[in-house]
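Structure at a glance
What follows is the residue order along each chain.
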Amino acid sequence: MEEILLRELVAIIEACRQCGVPVYVIGAYSVRAYGYLLRHSLDLDLAVTSQDWPALAEVLRGRGFVIEQRPLWVRATRTVEGHLVALDIAIDRVTDLDTAYSYPLRVEEVVTVQSPDLPFPMPVFSLEGVFISKLLALRDNDVVDLLAILTRPGVRKLSPGELWLKAQQAGLEDAVSSRLEELETILVSGEAEAIWFDRMGSLLDDTDCRVALTRVRELIQLFENAAVNTEASER
Amino acid sequence: MTQENVPPAMSPAGCALPPEMIALLAATSEPYLITGTVAAFQYHRWLSPPPGLLALKVHASALGDWEQMLARDGVRAFTSPPSQRDVEALDLAVVLDPTLTPALYARRRMVGSLSYEAPEDLVLTLLARSRGETSIAEAAAILITQHEQIDWDYLAERAIASGQARPLGILGEIIRREAGTRYVPTEFVTRLRRTPAFPATDETRYYPLNWRVKYALRRNRPERIRSTYPDISAHWNVTVTLPRHVIAKVVADLRVA
């Protein structure tokens, strides 16, 4: 099934490239592009601006996808070799259904990343953008991905300064700050281990937990300091 | 043991086990059941199991034999959950769960030459081990995809006997709400609802007692805990806190609503 998904993804990305349509791979496959995905996923998520959506829709219809409007995104489905391939497409913003936190595409440029375990480069958000979109959702899968980004080598390291800048450009400093505090609580309370075990069937290593907690606390501190500095400069 | 109830799409080829492990399991005369996420995936074909990990239910008396049988390059048997770093260092980590009974084994499902825990038993295994939202979602996905094959009487009996009537009943009602009433029989939910209530502790007052609930309780702000399904909460005298997106995503992905 994963092979089919990857084949579809490659074909869509290639068709978009040929048409000059900037499309972002988001969700699990963007985490995978940066070399941080420790789980498997059958979810394909894309994002596109409203300006480029008609062109992407044309590419998808051309490949036999049926497009269905959902409240906060568009779902495109197609059956390939008896398997349903479903794409969820965010337009202009990646919005979390529960909290309505919303990360705007306008703060991102397409970054093309070659993951060590994928046969083709993927157009994705910056790693900081991936981190913020996962942090805003903060579901079990997102917690697993965030901990991997904080503790594993990956293709590149998260830049705290860039993270603040992206949050600021998106107008999400408070939301990100509050979510970082929730992530800290999850780590301190032992809930991270529970979530990890439930999703991965393995135990989160103590060292990884400590490293993640240290990094989260550094980020919380950075956001507090940056907020104070911004306030002071505005005065 | 039944084979006829297994959907045709389910084949051992669909699972992520290395071929030599499939061969070993197919050849052994020692009883076992594939359980956990690998078994769940065989039934729901929804959430991919994490790579490099296999859970087997085996007889407690056979633990040593299994450890010996599995001692080979890149494979290691564990009698408690391994750490993630252990899993990543191996080709396959096998977690041996010594709770196999003759009754569970008799109910096994054969997929090709491999033995899987029956879906009813697996649903209860998943709910019992649930510590986050994933296992609950997987249990829901199995009930939805297998609803025509599920032995609902057996499932109710086992749930009541194992003290899981309430979580399973709540999940049944949520599935009926999110996916449609045809996926879980009315009588099943009614029967589970008749089981006596548990004493009210945090563990039983909120379902599930997830990090969001604990976060609010630790801050002494229980008023911030909102029920995600108020009417279902009232049926079970509990605050249901399972975020709506959890089962809604299963339903959307399985395209059953």
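Rules of the game
Numbering of residues starts from 1 in each chain and follows the order in which that chain's sequence is written. Chain labels run from A onward and ligand labels from 1 onward, assigned in the order the entries are written. Per-residue local features of the predicted model are confined to residues with pLDDT of at least 70, and side-chain atom pairs are confined, for both listing and counting, to 80 or more; whole-chain, interface and lining totals are unaffected and use all residues. Excluded from the side-chain calculation are hydrogens and water; included are all heavy atoms of the structure. Exposure classes here rest on a 1.4 Å probe applied to the protein chains alone. A residue is buried below 20% of its type maximum, exposed above 50%, and partly exposed in between. Strands here mean DSSP runs of E at least two residues long; helices mean DSSP runs of H or I at least four residues long; both are numbered from the N terminus. By definition in these notes, contact holds between two residues if any of their heavy atoms fall within 4.5 Å. Criterion used throughout: strands pair if DSSP finds at least two bridges between them. Only the stretch in contact is used when a helix axis is fitted, and all axes are lines through C-alpha atoms; the angle between N-to-C directions ranges over 0 to 180 degrees. Here the word oblique covers every angle except those under 35 degrees (roughly parallel), over 145 (roughly antiparallel) and from 65 to 115 (roughly perpendicular). By definition, any crossing whose near helix is turned counterclockwise from its far helix by less than a right angle is left-handed, and any crossing with a clockwise turn is right-handed. In this classification, the charged set is Asp, Glu, Lys and Arg, the nonpolar set is Ala, Val, Leu, Ile, Met, Phe, Trp, Tyr, Cys and Pro, and all remaining amino acids, among them Gly, are polar. Whenever Lys or Arg places a side-chain nitrogen within 4 Å of a carboxyl oxygen from Asp or Glu, that contact is recorded as a salt bridge. Here a polar contact is taken to be a pair of N or O atoms separated by no more than 3.5 Å, where protein atoms must pair a possible hydrogen donor with a possible acceptor and residues adjacent in sequence count only if both atoms sit in side chains.

1. Thoughts on helix H14 (residues 244-254) of chain B
Burial runs high along H14 of chain B: 8 of the 11 residues are buried. For H14 of chain B, every residue scored as buried is listed here: His 245, Val 246, Ile 247, Val 250, Val 251, Ala 252, Asp 253 and Leu 254 of chain B. Of the surrounding secondary structure, the elements contacted by the buried residues of H14 of chain B are strand S4 (74-80) and strand S5 (83-91) of chain A together with helix H2 (36-44), helix H7 (134-145), helix H9 (165-178) and helix H12 (211-218) of chain B. Once H14 of chain B finishes, Arg 255 of chain B follows within two positions and takes phi at roughly 50°, a positive value.

2. Focus: the pairing of strand S1 (residues 32-35) of chain B
All names here are of chain B. Of the two faces of S1, both are covered, the one formed by Tyr 32 and Ile 34 as well as the one formed by Leu 33 and Thr 35. Pairing analysis gives 4 bridges linking S1 to strand S2 (residues 53-58), with the strands arranged antiparallel. In the strand pairing of S2, Ile 34 is matched with Leu 56.

3. Things to note about the packing of helix H6 (residues 119-129) of chain B against helix H8 (residues 152-161) of chain B
All names here are of chain B. Where H6 contacts H8, the axes come no closer than 9 Å and their chain directions differ by 30°. One way to sum up the angle between H6 and H8 is to call them roughly parallel. Seen from above, H6 lies across H8 with right-handed handedness. Where H6 abuts H8, its residues Glu 120, Asp 121 and Leu 124 lie against Tyr 154, Leu 155, Arg 158 and Ala 159. For the contact of H6 with H8, the class distribution of residues is 4 nonpolar, no polar and 3 charged.

4. Here's the deal with the interface of chain A and chain B
With 36 residues of chain A at the contact, the number on the chain B side is 35 residues. Our count for the contact surface shared by chain A and chain B stands at 5 salt bridges. Put simply, Glu 191 of chain A and Lys 214 of chain B hold a salt bridge, and the shortest N to O gap is 2.4 Å. On the surface where chain A and chain B come into contact, there are 21 residue pairs in polar contact (both at pLDDT 80 or more). Put simply, the parts of the chain that give the side of chain A that touches chain B at least two residues each are S4, helix H5 (140-151), helix H7 (173-188) and helix H8 (191-200) of chain A. Ranked by residues supplied to the side of chain A that touches chain B, first place goes to H8 of chain A with 9 residues. Residues belonging to the side of chain A that touches chain B are distributed by class as follows: 11 nonpolar, 8 polar and 17 charged.

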